[in-house]
Structures are given as structure tokens and as C-alpha cells.
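Overview (structure and organization)
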Amino acid sequence: MRRRRLTPAFGSVLGILALVLLASSAQAKVWTVNITGFAFSPQGVTISEGDSVKWVNLDPTPHTSTSDTGLWTSGNLAQNGTYEREFSANGSFPYHCALHPSMHGTVNVTSVATSRETWGRVKRLYKDR
Ligand SMILES: [Cu+2]
């Protein structure tokens, strides 16, 4: 029976991918959104379930991070003020600044199950070779 060999390059890619997936599922991260120039930067963030977002107001003007659907509000953040919130459920969470309604942002939370599916696909890909 002929054994198929895994090329070193492909093996390395799988190894790195596996490490990235394991690291991302094992450790919750804190993502920073800066409030600067009357805007959220970045305006949209995509995070994993269990991660947190930390808003930092870099403007001299007060701002807030306020959920469009009433899930959270930071209250007024002075310059260099911060507000951190953990997102434990997946979904898309739009928010705005209560003081400046033109300021909008979105937090997209992907489920941990999605990471497991990706890992399953990687394993199948490995086996099918
Ligand atoms: Cu504002």
C-alpha cells in the first residue's frame, strides 16, 4: 500500500492554522475601539463569543457607547475615559453615541461553534489528502 506523504509546506500551514484556531478558542481577547474625530475606529469589529470590546475616548469631547437595542450604555466618557463590555452571545450589535446620533458602530460576534466547524473542515481536508 502506498502512503501519501504530507508536503512540509502544507503541514506547516495546517500546524499554524491549528495553533491559531486553538489560541482563538482558548483565550478571550479584548478588542479596542477608539473614539476619535467624532467617529468609532474601527467602525465595525468582528470578535468571538466571550471576547470583550474596550472603547477609549481620545476626543476632548465626551462620547458614549450606547447599544441601539438598549443592551448597554457606557455613560458619558470623558477624554481618555474607557468602557469595557464582554459579549457572550453571538450576533450583530449596532451601537451609537447618545450625545452625537450620527456616530454609529457595530460589534459582530461569531459563535465558538463556527470555530469548531472550521477546525472540522481542516481535519477533513487533512484526511482527504
Ligand atoms: Cu459622541
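First, a word on scope: everything that follows refers to the structure included in this document. (Residues numbered from 1 in each chain as written. Predicted model: local features only at pLDDT ≥ 70, side-chain atom pairs only at ≥ 80, totals over all residues.)

1. Considerations on the overall build of the protein chain
Helices and strands together make up the secondary structure of the protein chain, namely two helices and eight strands. By residue count, 16% of the 129 residues in the protein chain fall in the buried class. (Helix = DSSP H or I, 4+ residues; strand = E, 2+ residues; numbered from the N terminus. Buried ≥ 20, exposed ≤ 12 C-beta atoms within 10 Å, placed from the backbone.)

2. Some points on the sheet that holds strand 7 (residues 91-96)
Ordered in space as 3-8-7-5, the four strands form an open sheet in which the pairing is mixed. Edge positions in the open sheet fall to strand 3 (44-48) and strand 5 (66-67), since each of these has one partner strand only. (Pairing = 2+ DSSP bridges.)

3. Examining the sheet that holds strand 4 (residues 52-57)
Strand order in the open sheet made by the four strands is 2-1-4-6, with mixed pairing throughout. Single-partner strands in this sheet number two, and they are strand 2 (40-41) and strand 6 (82-86). In the sheet, strand 4 pairs with strand 6 via five bridges, with the strands oriented antiparallel. Looking at the pairing, Lys54 lines up with Glu84 of strand 6.

4. A look at the nonpolar core
Counting twelve residues, the largest nonpolar core consists of Val33, Ile35, Phe40, Ile47, Val53, Trp55, Leu77, Tyr83, Phe87, Phe93, Tyr95 and Val107. Sorting the residues of this core by element identifies strand 1 (30-35), strand 4 and strand 7 as the ones contributing at least two each. Setting aside its immediate chain neighbours within four residues, Leu77 contacts Trp55, Asn57, Pro62, His63, Thr64 and Tyr83. (Core = buried A, V, L, I, M, F, W, Y, C linked by C-beta atoms within 7 Å. Contact = placed C-beta atoms within 7 Å.)

5. Let's talk about unusual backbone geometry
The omega angle of the peptide bond from Ser41 to Pro42 is 0°, so this bond is cis rather than trans. Considering the arrangement of structural elements, one finds Pro42 in the loop between strand 2 and strand 3. The phi dihedral of Phe38 falls on the positive side, at around 60°, and the residue is not glycine. Note on placement: Phe38 falls in the loop between strand 1 and strand 2. With phi around 70°, Asn80 is a residue other than glycine that occupies positive phi space. Among the secondary structure elements, Asn80 is positioned in the loop between strand 5 and strand 6. With 10 C-beta atoms counted inside 10 Å, the residue Asn80 sits in the exposed group.

6. Concerning the environment of Val33
Checked against the element boundaries, Val33 lands in strand 1. With ten residues separating them in the primary sequence, Val33 and Gln43 have C-alpha atoms 7.8 Å apart. Apart from residues no more than four positions distant in its own chain, Val33 is found in contact with Phe40, Ser41, Pro42, Val45, Val53, Trp55 and Gly105.

7. Focus: the environment of Asp68
Its place among the elements puts Asp68 in the loop between strand 5 and strand 6. Measuring from C-alpha to C-alpha, the distance between Asp68 and Phe93 comes to 7.7 Å, with 25 residues separating the pair along the chain. Contacts of Asp68, omitting those with residues within four sequence positions, involve Pro94, Tyr95 and His96.

Function-wise, these values are silent; they only describe arrangement.
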